[in-house]
Each structure stands twice: as structure tokens, then as C-alpha cells.
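Here is what each chain is made of, one letter per residue.
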Amino acid sequence: MIEAQALSKRYGTKTAVDAVSFTVQPGKVTGFLGPNGAGKSTTMRMIVGLDNPSGGRATVNGLPYPQHKAPLRELGALLDAKAVHPKRSAYTHLRALAATHAIPDSRVREVIELAGLGPVAKKRVGGFSLGMGQRLGIASALLGDPQTVILDEPVNGLDPEGVQWVRRLAKSLAAEGRTVFLSSHLMSEMALTADHLIVIGRGRIIADAPIQSIIDGQGAARVRVRADRPQDLLGSLAADGVSSQILEPELLEITGVEPRHIAEIAVRNGVLIYELTPIQVSLEDAYMQLTSQEVEYQSRSLPSTGLLAASSEGHRA
Amino acid sequence: MTTPATTAPTSALPAPRPHPRHEAGSDVSFGRVLKSEWIKITSVPSTVILIIITTVVMIGLAALLAWQTTLSLNLEGDPEMAAQMQGSSNAASAGLGIPGSGLAFGQLLMASLAVVLIASEWGTGMIRSTLVVVPRRSLALLAKQSVMAGISFVVGAGSALVAYFVVQPILNTADLGFALSDDGALLHIVNTGLVLALVSIFAMSIGTLIRNTAGGVVTSIGVLLVLPILFTVFGAGTEWVADAARFLPSSGGDQMVATTIAEGAFTQWQGALILGGWSLLLLTASLAVTRKQDV
């Protein structure tokens, strides 16, 4: 279990993490989702004690991580796949880490096989691809057979097989009763892996809820309707206080009313309906809605060419 | 376990252990971190090669000096002159300082290696792996310092001891041979190792403070080998500069391996206090700074 209490990190006047509080529970995969620069990595680094918090505190299984007698047994972390000396082999790298906790060589070989690094274990890490580096990082995170696992962007650089492996691994670790905390800026990844979601933007927690309730919480259900007399249908629905949009002459998008109710009204008014589609809000939509105000590096759309053409300085641009 | 992870990654998982704290015998201890650092140092081939080269060259330099000393003696037939070359007041002690005469070269390499070992942790990002596994930073740093200091001592004292046996047949041709039991002979050999150990602590502390290989190497070599030259140049006319030069870390090291102590000069033990003091000061500073900084 990981607990953060009013955890803050400031660099000069810039606040990277702003008094975040959350709990990561054992037995499920908790996703840590946010745009680049939102403070995900900084928060994770504070949890393992690499960064000193400017305020607040973080505990792992009840104690600040550095105070554990056998830290690797409590928490394993993949924070940076490149945190390895390039001239060492994967095997000696893991053996050096294992030696600090008297973890036997048999366990080192076990995690090497587990991560699928067997064929390259004796090769220099410097020649590893990003994906193999990720696998080595995950192997080192599992070395101490820890109760809590933190993985920062674990699927970065992995091939499709590796991505699936990480998903299954995260789920099986959680199924064993471990605490699994993994970050990503890819909502599609989270939708497939996480049970619970903590969304961070500009150093603040925007949402902390089960993944389904985050999807559900984003706006009322929308229904797409194709009807021959849309105006008549809308007139009858207006009484119910629902909002609607006419997208095409015979295509409507209606928000705030159940599909069945729309069909009933249509029948009552003799309106022909030839499409009635409930629109599922995806996690992606929910995420975009949640973080639209919180994106650190927002891409601005370029000025339209029409404006440029109208401008006398257009040719210079 | 030979099952490829690609086919059965999940089934390869170990049984759940929800309360790892109850497992005994896997606490982090200084001895275990020492072992980890030993694995790290010995698993980078270039490090091992450098250590071997340093040892061989230190022995070679001693043999070369012994040969040169006897050669000039045999040519000139003047023991006094050879003795002066060693800065000794009599011919009998001329040979005593030869076993550790490769020390300056040894310092250059071992100081550089000490800087590289710690600065490369930051350079490669390895420090983050290291400090996640051993979050008590002083423990991690002290273990690395100890392993490097231990290796440096063995390189220094070991090469001086081997050099002692290598140079005896050469020195004997000019009647300069001496026994290990001779006054100051063993102390010189042991102190050659001690100087290298203290210098490695000194340099690794600088490397820890600067966190950059090039900057750390330049700074430690500058302080150990260039600063004394500057002090000699500027100390020629100014007494306080010459006086201050006696307290340089390199001066302390020089006195530690001296086989004769000039009138008014520091003894071997005083030299050890000076070099040891500098090393301890920088070590303390490096621990204090690393404790507070983000990595």
C-alpha cells in the first residue's frame, strides 16, 4: 500500500507536484494517468525517496520507504529503464542489486527468465533496445518479490508482445494481493490494465476513482438519432429538459435522456426513427475532458491560412 | 526454470507474499552493500584492466628507478650522489623509498578511477537503481568508498611489496639492498597503500560532490598533482605560501612515504593526519550534500 499525504515538490517558483494526497490499495492495478509534465514521475520518485518532497510525506506499507530495513522486499520500482551501467551485463546488474538484500542467485535467474531476458542476460546492457531495457527494469523491480510494485511508463518501447506481457503481469501481481501502481500518459493502455485510476494534471489530482466511474462521470449519456421529422421529435422532447443538437437535416444528438424514452416519444408522435445509437464515452474522451485545463504543454493550432493570406505580412510567415 | 517467458510469463510468478516484512534474513546491511559494490566494480572490464595496469606499472617504475640508481652508482662510483637523487642523507637509506616510487603514477590512476566509479553512477543513471535498492545514501556511498579504498590499499601496498622483492637483486649489484625488517622499510610499503587508499577517498568524495567524470578527474588531479607545483613556484619567494604548502593533501602523502624526515618536516604520522584530514573533510561534505540532493 502506498499513501501520499499532501505531497509537494517545488523547483524554485515552479510547483511540479502540488499537495497531492492519495492511497494506492493492494489487490488491484492502480493507474497513474496524466499528460507529460503533470508530475507523475516526480511523485513516484518522491515515494521511493529519490527526490525529497518540499512538503508532505509518502509512505510505503506504513513507513517512509527509506526507513524499511529491507526496502526491496517492500517495494520494487521501474523508474528509468536506463538506470543501468551500460558496460555491465543484465545478469551482473541484477546480481549487484540482489547482493544488498542477500537475495540468492536463483532468484536473479528467475526474474531474468520471467522478463524474457534469458538469451541476452550475459550481454552488455549498453547494446539493449529500449524494450529490453524496460524488461530489465521490470526484472529488477520484481527482484525482491516485493509487496508493492511501481512501474513508470512500463510499456514504453515494448513490442506488442511485451505490452501484453506487462498487462498480464500487472494484473497477476495485483491478483496475488500486491499493490500495483503504474503510470502512463496513454489512456488506452490504462483502460486495458487498470482497475482504479488516479488522474494528475499540473501537479494536482483531478480524479481518483474506479476506472468505470471515471468514464461514467463524464457527462450524461448521449444518444444519436436519425429521424424523418427531427423538429417534431425535438419539440416533444423539449418538455423533458434535455439538450440536443442537429448535426444533419435528419441526424440529432440528444443528451440527458434514455434511448427507450426517445423511442416511446417517437412512437407517440408518429415520428419515424431509423437509427438510435447510445454513444459510449470512452476513457479517452473522459481523460481529455478532465485534463483539458491541465495540460502543461498544450499544442496550439496554427493560425489559419485564411488569416495569413488576409494579413499583409502573410508572405513572411 | 527454462520456460520461455513469452509463453508462460504469468505461471512463472512466485507464490504471493503479502507480508514480506516477516521474512527474516534479507535486511540491508553494510556487509551486503559492500558485496554489491564489489560486484559492481569487478564486473566492468575496463575497471579491472585499469587496476591491473596500475599495479604492473607501479612495480615497473620501482624496478626502473632501482636500475637507474644502481647504474648511476656503478658509473659514478659515488654513493652520495645516488643518495641525493633520492633526497636521502645517506646511502644506506637510498633504496628504502624505491618500492613505492611509482606512487605518483598510482595516485593519478587510482584518483581518476575513484572519480569515474562514482561519477559514472550519475552519468549512466545507475545511481537511481543504487539508491532505490539502498535508500540510506550514506550507507551506499560509504560502501563504495570502502571497496575502492580497500582496492587502492591492496594495489599500493601490494605493488610496493612485490616491487621490494623485484628490486632487491638490482639494488644488490650496488650494495644498496635492504631487508624488510630494516627501519622504515615496512612502514614505507604499508604507507604506499595507505596513501593510495586516502587519495581514492579524497577523489571519490570530489567525484560525489561534482557528479561529473571530467570535472571530477580534473579537480582531483589538479589538487593532488598540479597544486603542489603551483605552490612550489609561488612559494619560492613567499614564506607563508611555502608554509601553507606543507598542509596540502599531496604534501601529507609525500611525508607518509618518506623514508627520511628532514629537520622540521612533518613525520609520517603527521603526514597521515594531513592527508587523512582532507579526505575525511571531503568525505563528510560529500555525504552531507548527497543526503539532501535529489538524484
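Above this note sits the structure.
Before going into details, it helps to say that this report is about the structure given with it. Residues take numbers from 1 onward in each chain, read along the sequence in its written order. Working convention: letters from A go to chains and numbers from 1 go to ligands, in the order in which they are written. Local features in this predicted model are restricted to residues whose pLDDT is 70 or higher, and side-chain atom pairs enter the listing and the counts only when it is 80 or higher, whereas totals over whole chains, interfaces and linings include all residues. Side-chain metrics rest on all non-hydrogen atoms present in the structure, leaving aside hydrogens and water.

**Some details on the overall build of chain A**
Our working rule: For helices the rule is a DSSP run of H or I covering at least 4 residues; for strands it is a run of E covering at least 2, with both sets numbered from the N terminus onward. With a 1.4 Å probe rolled over the protein chains alone, any residue whose accessible area is under 20% of its type maximum counts as buried; one over 50% counts as exposed, and the rest are partly exposed. Contacts are assigned to residue pairs that have any heavy atoms within 4.5 Å of one another. Per-residue and other accessible areas follow the Shrake-Rupley method at a 1.4 Å probe size, with only the shown protein chains counted as cover for residues.
Looking only at helices and strands, one finds 12 helices and 13 strands in chain A. Out of the 317 residues belonging to chain A, those deemed buried represent 51%. The long-range share in chain A, meaning contacts at least 24 apart out of those at least 6 apart in sequence, stands at 69%. Accessible surface, chain A: about 13,900 Å² in total, of which carbon and sulfur atoms supply 52%.

**Observations regarding the packing of aromatic side chains**
Centre distance and the angle of the planes are the two values used to describe a pair of aromatic rings. Using the following cut-off: Each aromatic pair joins two rings of Phe, Tyr and Trp (for Trp, the six-membered one) with centres within 6.5 Å, and gets the label stacked for planes under 30 degrees apart, edge-to-face for over 60, and tilted for any other angle. By the criterion adopted, a ring carries a charge over it if an Arg CZ or a Lys NZ lies within 6 Å of its centre and within 35 degrees of its normal.
Overall, the coordinates contain six aromatic pairs over all chains when judged by the stated rule. Centroid distance A:F22 to A:F32: 5.8 Å. Interplanar angle 45 degrees. Geometry classified as tilted. Of this pair, A:F22 sits in strand β2 (residues 14–24) while A:F32 sits in strand β3 (residues 29–33); the two residues are 10 residues apart in sequence, bridging distant segments of the chain. Accessibility expressed as a relative area gives 3% for A:F22, which makes it buried. These aromatic residues form a ring-pair network of at least three members: A:F22, A:F32 and A:F181. One residue, B:R246, lies across the ring of B:F266, its end atom 4.2 Å from the ring centre.

**Considering the pairing of strand β8 (residues 196–201) of chain A**
Residues and elements named next belong to chain A. Applied cut-off: A pair of strands is treated as paired once DSSP finds two or more bridges between them.
With respect to burial, β8 is a largely interior element, six of its six residues being buried. Residues H196, I198 and I200 of β8 are buried on one face, and the alternating residues L197, V199 and G201, pointing to the opposite face, are buried as well. Pairing of β3 with β8 involves four bridges; the strand directions are parallel. Among the inter-strand pairings, L33 is bridged to a residue of β8, identified as V199. One ladder, built from six bridges, connects β8 with strand β9 (residues 204–210); its direction is antiparallel.

**Notes on the nonpolar core**
Test applied: We define the nonpolar core as a collection of buried residues of types Ala, Val, Leu, Ile, Met, Phe, Trp, Tyr and Cys that are connected through side-chain atoms lying within 4.5 Å of one another.
A:I47, A:V48, A:L143, A:I150, A:F181, A:L197 and A:I214 are the most contacted members of the largest nonpolar core, which has 129 residues in total. Setting aside anything within four residues of it in sequence, one finds A:I214 in contact with A:L197, A:V199, A:A207, A:A209, A:L283, A:A286 and A:L290. With 17 residues, the next largest nonpolar core counts B:I98, B:A160, B:A163 and B:L176 among its residues.

**A closer look at the interface of chain B and chain A**
In plain terms, the rule: As a working definition, buried area equals the accessible area (1.4 Å probe) given up by two parts on being put together, with both sides summed. By definition, a salt bridge exists where a carboxyl oxygen of Asp or Glu is found within 4 Å of a side-chain nitrogen of Lys or Arg. Counted as a polar contact is a pair of N or O atoms within 3.5 Å, where, for protein atoms, one must be capable of donating a hydrogen and the other of accepting one, and residues adjacent in sequence contribute only when both atoms are in side chains.
Of the residues lining the interface, 49 residues belong to chain B; the matching set on chain A comes to 54 residues. Carbon and sulfur atoms supply 58% of the area that chain B and chain A bury against each other, a total of about 4,400 Å² over both sides. Inspection of the region where chain B meets chain A yields two salt bridges. At the surface where chain B touches chain A, the tally comes to 16 residue pairs in polar contact (both at pLDDT 80 or more). Breaking the side of chain B that touches chain A down by element, the ones donating at least two residues are α1 (30–42), α2 (45–76), α4 (103–124), α5 (126–133) and α11 (268–292) of chain B.

**Things to note about the sheet that holds strand β10 (residues 222–227) of chain A**
Residues and elements named next belong to chain A. Keep this limit in mind: Only the stretch in contact is used when a helix axis is fitted, and all axes are lines through C-alpha atoms; the angle between N-to-C directions ranges over 0 to 180 degrees.
Judged by pairing direction, the sheet is antiparallel, and its four strands sit side by side in the order β11-β12-β10-β13 without closing on themselves. With partners counted over all chains shown, the strands left at the sheet margins are β11 (243–248) and β13 (273–279), one partner each. The mean angle between the axes of side-by-side strands here comes to 20 degrees, regardless of whether they run parallel or antiparallel. The strands touched by helix α9 (residues 230–238) are β10, β11 and β12 (251–255); relative to β12, the strand with the most contacts, the crossing angle is about 15 degrees. Each of β10, β12 and β13 touches helix α10 (residues 259–269); the most contacted strand, β13, lies at about 160 degrees to it.

**Let's talk about empty space enclosed by the protein**
Filter applied, for reference: Every definition here rests on a 1 Å grid over the protein atoms only: cavities are sets of points where a 1.4 Å probe fits but cannot get out, pockets are open sets enclosed by protein on both sides within 12 Å along at least five of seven lines, and lining residues have some atom within 4 Å of a point. Grid points are joined across faces, edges and corners, and a volume is the space filled by probe spheres set on the points. Basically, the charged four are Asp, Glu, Lys and Arg, the nonpolar ten are Ala, Val, Leu, Ile, Met, Phe, Trp, Tyr, Cys and Pro, and anything else, Gly included, counts as polar.
All chains considered together, the criterion is met by two cavities of 30 Å³ or more. Lining of the largest cavity is provided by 19 residues; of these, A:A77, A:L78, A:L79, A:S140 and B:S129 occupy positions nearest its centre. Among the elements of the structure, β5 (75–78), α3 (90–99) and α5 (130–142) of chain A together with α5 of chain B are those that each provide at least two residues to the lining of the largest cavity. For the lining of the largest cavity, the class distribution of residues is 13 nonpolar, four polar and two charged. The wall of the second largest cavity is formed by A:A96, A:L97, A:T100, B:V33, B:S36, B:E37, B:K40, B:T130, B:V133 and B:V134.

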